Amino acid sequence: MKSQRALTSWAASLRTQATQLGQIAMLVCVGAVRARRPKGELLRQLYQVGNRSLLFVLVTLGFTGMVLVFQSCLQLSRVTGDLSQVGGEFIKYLVHEFGPSLTAMMLATRVGAGIAAEIGSMVVTEQVDALRMCGVEPVEYLLVPRFLATLAMTLLLAVFGVLSAVMMGAFTAHQTFHVPYSVFLDLSKVKLPDVLTGCIKALSYGAAIPIVSGFCGLRTHGGSEGVGWATTRAVVSSSFAVIVLDFLISALALLSWQSM
Amino acid sequence: MIALDGIRKLHLDPVQPPVFDGISLRIAEGETCGLCGPGASGKSLLLKIICGLVRPEHGTVEVAGRDLGLASPDELRSIQSRIGYLFQNNALFDSMTVQENVAFPLRQRLRLGQEALDEQQILARVSESLRGVGLATHAAKMPSQLSGGQRKRVALARAVVARPPLLIYDEPTAGLDPVTTAKIYDLLGTEQKLTKSTTLIVSSDIDALRRFSDRMLMVYRGRLCYDGPSADMDESASPVVRQFVRGELEGPL
């Protein structure tokens, strides 16, 4: 009986949270169209999300590209010895799957945590209430510029991340397995559906991260400890959202592009 | 100006009794009311309910003749922008300078079409407001560079800069020294005389609050246990009110 009551209460809480998340997403979309943003805030957020994450994304994807190429070449050299296909397959996989998803995971930790911490601390210090008392909708004022900046920058950073991984992968293949650059950098396997899937994923992640993180930030309560919890929740929930979206978009892309 | 009817607000912990259980009150235009009560009696929460920042489970809240429960989000924002609110923790925007903080309500009212001021007029009004609180030379500073009393005065300047018809002050002198407290009450009095706004003020400094307010309200255990003239509080029939006002150790509190 007790466990049934706990389950009912958990389901009700989940439903409430899903409704609130939906409302925030709706407000963000309406706010993005209404374009009533504070002056210069979008540029500031583009800099915060884009420029400040660039090195982090380049280094992470670069090193991951090196490790993946090294492992692939090592296994293939043991089995077939033919490394001519490694570059092409690696780039294809990078474009439609690995590039946008890993970039988004990095942004979920860096940008998502930042959004939740900033908004969360504004909630606990009553700055969000102060915004309301000045006739401002906090979601529109705080979240919309972050949403637009993350949307644009996730796509751009994914492109830079893919380039970094390709270059570092080509360098690794050349240095350790003597694969010529001209053989590794084979773009013939990358088709339009791969590029489209990668772009759709990057844009979806770019939309999900600020909405989920902002939702966690706006639900903050309980002082600085609450801000800590909100930040943790934002990183976990944003990463989870990226993984779920990755699965859904990959499945849809597979069904759509294959039937074409 | 303000009308609360049968306000009931449940505690976050369902085991606890409700924070408010049927609070009703009317505050007329131009009235100065002080709200007091023991710690954790819900004074700040009541202010937030009046402003529409928190919704009660039961009851209606009317501000300037409009039911906040029935107002659309845009209507609610419009009502809220006509209330000057001094928050307990000041709630100054960390990322803005003192000048930007004080100008913020004016700029938002301009955006909502409630003010017809140009940038020069806004800056002039901000300067006037900052001069009023004695911080004209601190306009370019960030809130983190100010002392507690200075932050409180900036928050006061921000609350009154748009000359709202309703002013709400939540603990305007908490944690301040007696001289700064006297200065703050002097500023509140000047503002009240100047604008004739309806004023509702919460403070733990019961003596200063009674000197400032024409009418006193006291909340205790979810109900209004006193609603009457400030001068009559000492002689209230309620032992709770008498003990609270006299600061006695013995009694029901």
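Below or above, wherever it landed, is the structure these notes cover. Every value quoted in this text rests on a predicted model; they were computed, and no experiment measured them.

### Points about the overall build of chain A
Helices and strands together make up the secondary structure of chain A, namely 8 helices and 0 strands. Of the regular secondary structure in chain A, the N- to C-terminal order runs α-α-α-α-α-α-α-α. A burial count over chain A gives 44% of its 260 residues as buried.

### With respect to the overall build of chain B
Within chain B one finds 8 helices and 10 strands. For 253 residues, the compact-globule estimate of 2.2 N^0.38 gives 18 Å, and the C-alpha radius of gyration of chain B, at 18 Å, lies within 12% of that figure. Over its C-alpha atoms, taken along the principal directions, chain B stretches across nearly 55 × 45 × 35 Å. Looking at chain B as a whole, 54% of its 253 residues qualify as buried.

### Here's the deal with a nonpolar patch on the surface
Residues A:Leu156, A:Val159, A:Phe160, A:Leu163 and A:Met167 make up a contiguous nonpolar surface patch of about 470 Å² in total accessible area. The exposed category is assigned to A:Met167, whose relative accessible area is 57%.

### A closer look at helix H5 (residues 138–177) of chain A
Residue and element names in this part refer to chain A. In this model, H5 (40 residues) spans 55 Å end to end at C-alpha, consistent with the 58 Å of a helix rising 1.5 Å per residue. Helix geometry: H5 is bent most strongly at Val144, by close to 35°, with proline Pro145 lying one to four residues after it. Near the N-terminus of H5, the side chain that reaches the backbone nitrogen of Val139, with its oxygen 3.1 Å away, is that of Glu137. At the exit of H5 stands His178, carrying a positive phi of roughly 55°.

### A few points about helix H2 (residues 73–80) of chain B
Of the residues making up H2(B), those classed as buried are B:Leu76, B:Arg77, B:Ser78, B:Ile79 and B:Gln80. Tucked into the core, H2(B) has its buried residues touching helix H1 (2–34) and helix H4 (127–133) of chain A together with helix H1 (43–51), strand S4 (58–63), strand S5 (66–67) and strand S6 (83–86) of chain B.

### Points about the interface of chain A and chain B
Residue-level contacts link 16 residues of chain A with 23 residues of chain B. Summed over both sides, the interface between chain A and chain B buries roughly 1,700 Å², with carbon and sulfur atoms accounting for 57% of that surface. It is A:Glu126, A:Met133 and A:Cys134 that lose the most area in chain A upon contact with chain B, and together they represent 38% of the buried surface on that side. Inspection of the chain A/chain B interface yields 3 salt bridges. Counting residues per element, the side of chain A that touches chain B draws most heavily on H4(A), at 6 residues.

### Brief notes about the sheet that holds strand S3 (residues 32–36) of chain B
All names here are of chain B. Spatial ordering of the open sheet is given by S6-S7-S8-S3-S9-S10, a layout of 6 strands whose pairing is mixed. Both edges of this open sheet fall to S6 and strand S10 (223–229), since each of them pairs with a single strand only. Averaged over neighbouring strand pairs, the angle between their axes works out to 15° when direction is ignored. The pairing of strand S7 (residues 166–170) with strand S8 (residues 198–202) spans 5 bridges and is parallel. Bridge pairing in S8 links Leu166 to Thr198. Packed onto the sheet, helix H8 (residues 239–246) meets S3, strand S9 (215–220) and S10 and runs at close to 110° relative to S9.

### Re the packing of aromatic side chains
Per the counting criterion, the structure on display carries 7 aromatic pairs over all chains. Where A:Tyr93 meets A:Phe98, the ring centres are 5.8 Å apart and the plane angle is 10°; that geometry is what we call stacked. By relative accessible area, which is 39% here, A:Tyr93 ends up partly exposed. Here the aromatic rings of A:Tyr141 and B:Phe104 are separated by 5.6 Å at their centres, their planes lie at 85°, and the arrangement is edge-to-face. In this pair, A:Tyr141 is assigned in helix H5 and B:Phe104 in helix H3 (residues 98–111), connecting two distinct chains.

### Looking at the sheet that holds S4(B)
Residues and elements named next belong to chain B. Read across the open sheet, the 4 strands follow the order S2-S1-S4-S5; overall the sheet is antiparallel. Looking along the sheet, the strands with just one partner apiece sit at the ends: strand S2 (20–27) and S5. Looking at chain direction, strand S1 (residues 2–9) and S4 are connected through 5 bridges and run antiparallel. Residue pairing in the sheet places Leu4 in a bridge with Val61 of S4. The sheet strands contacting H1 are S1, S2 and S4, and the helix crosses S1 at an angle near 120°.

Quick notes on the rules
Residues numbered from 1 in each chain as written. Chains lettered and ligands numbered in written order. Predicted model: local features only at pLDDT ≥ 70, side-chain atom pairs only at ≥ 80, totals over all residues. Heavy atoms only, no water. Helix = DSSP H or I, 4+ residues; strand = E, 2+ residues; numbered from the N terminus. Buried < 20%, exposed > 50% of the residue type's maximum accessible area, 1.4 Å probe, protein only. Rg over C-alpha atoms; globule rule 2.2 N^0.38 Å. Patch = residues over 30% accessible without salt bridge, like charges linked within 9 Å, V, L, I, M, F, W, Y side chains within 5 Å. Areas by Shrake-Rupley, 256 points an atom, 1.4 Å probe, with all protein chains shown as cover. Salt bridge = Lys/Arg side-chain N within 4 Å of Asp/Glu carboxyl O. Expected span 1.5 Å × (residues − 1). Bend = angle between axes of the 7 residues up to and from the residue. Polar contact = N/O pair within 3.5 Å; in protein donor to acceptor, adjacent residues only side chain to side chain. Contact = heavy atoms within 4.5 Å. Buried area = accessible area lost by both parts, 1.4 Å probe. Pairing = 2+ DSSP bridges. Axes fitted to C-alpha atoms, helices over the stretch in contact; angles between N-to-C directions. Phe/Tyr/Trp six-rings, centres within 6.5 Å; stacked < 30°, edge-to-face > 60°.

No statement about biological role is implied by the geometric values presented.
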